[in-house]
Amino acid sequence: MTLDQLDATLAEYFAPWVQALGLRAEAFDADSVTLRMPSSDQLARHGGMLSGQAMMAAADTAMVLALVAHFGRFRPCTTVQMNSSFLRPLSAQDALVQATVVRAGKTLAFGEIDIRGAVDGKSACRASTTYALL
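What counts, and at which threshold
- Residues numbered from 1 in each chain as written.
- Predicted model: local features only at pLDDT ≥ 70, side-chain atom pairs only at ≥ 80, totals over all residues.
- Heavy atoms only, no water.
- Salt bridge = Lys/Arg side-chain N within 4 Å of Asp/Glu carboxyl O.
- Helix = DSSP H or I, 4+ residues; strand = E, 2+ residues; numbered from the N terminus.
- Buried < 20%, exposed > 50% of the residue type's maximum accessible area, 1.4 Å probe, protein only.
- Arc of directions from axis to C-beta.
- Contact = heavy atoms within 4.5 Å.

Asks: What's the story with the pattern of salt bridges in this structure? I'm lost.
Replies: Two side chains bearing opposite charge may form a pair once their charged atoms approach each other closely. Taken as a whole, this structure holds five salt bridges when the rule is applied. Asp120 serves as the salt-bridge partner of Arg88, at 2.8 Å between the closest nitrogen and oxygen. Of this pair, Arg88 sits in the loop between β3 (77–86) and β4 (95–104) while Asp120 sits in the loop between β5 (108–117) and β6 (123–133), and the two are 32 residues apart along the sequence. Its relative accessible area of 27% is what places Arg88 among the partly exposed residues. You can call Asp120 partly exposed: its relative accessible area is 35%. Bridged by salt links that share partners, the residues Glu26, Arg36 and Asp94 form one connected network.

What follows is the structure in structure tokens.
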């Protein structure tokens, strides 16, 4: 697996509106992926803060790519549950979206996502997810 392969997976398997988030793979290991989401007026709400909808889409996408890194290939899956906590606003900086596979079995996978400022490193959102592996 390489960063280029993860970026190619974004282009191949995700809808155009997800691709419009501008996500790019920054780092990965066997159980996690970190994506960069560039700061954008299109993703901001009033006051220049990154919208929660954009954060949730980025978190879900990052977790699927973490599963790709974990399994070494794309595996069809669907989100069963996502629980998120918004900790503070994120504005005027890119977001780093780090998704980690906590456990992946035969039919279910569990993960944790941290979204933080690329400049200040402070967490803006934490999410936990469950996926059905198809």
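Asks: I'm lost on helix α1 (residues 3–13) in this one. Help?
Replies: Each full turn of the α-helix corresponds to 3.6 residues, which orients residues three or four apart in the same direction. Taken as a whole, α1 has its buried residues at Leu6, Thr9 and Leu10. Down the axis of α1, the smallest arc covering the buried residues is 105°, so these residues share one side. Residues of α1 that are exposed and point over 90 degrees away from its buried face: Asp4, Ala11 and Glu12. Summarising the contacts, the buried residues of α1 are in contact with α2 (16–19), β1 (24–29), β2 (32–37) and α3 (52–71).

Keep in mind these values describe shape, not function.
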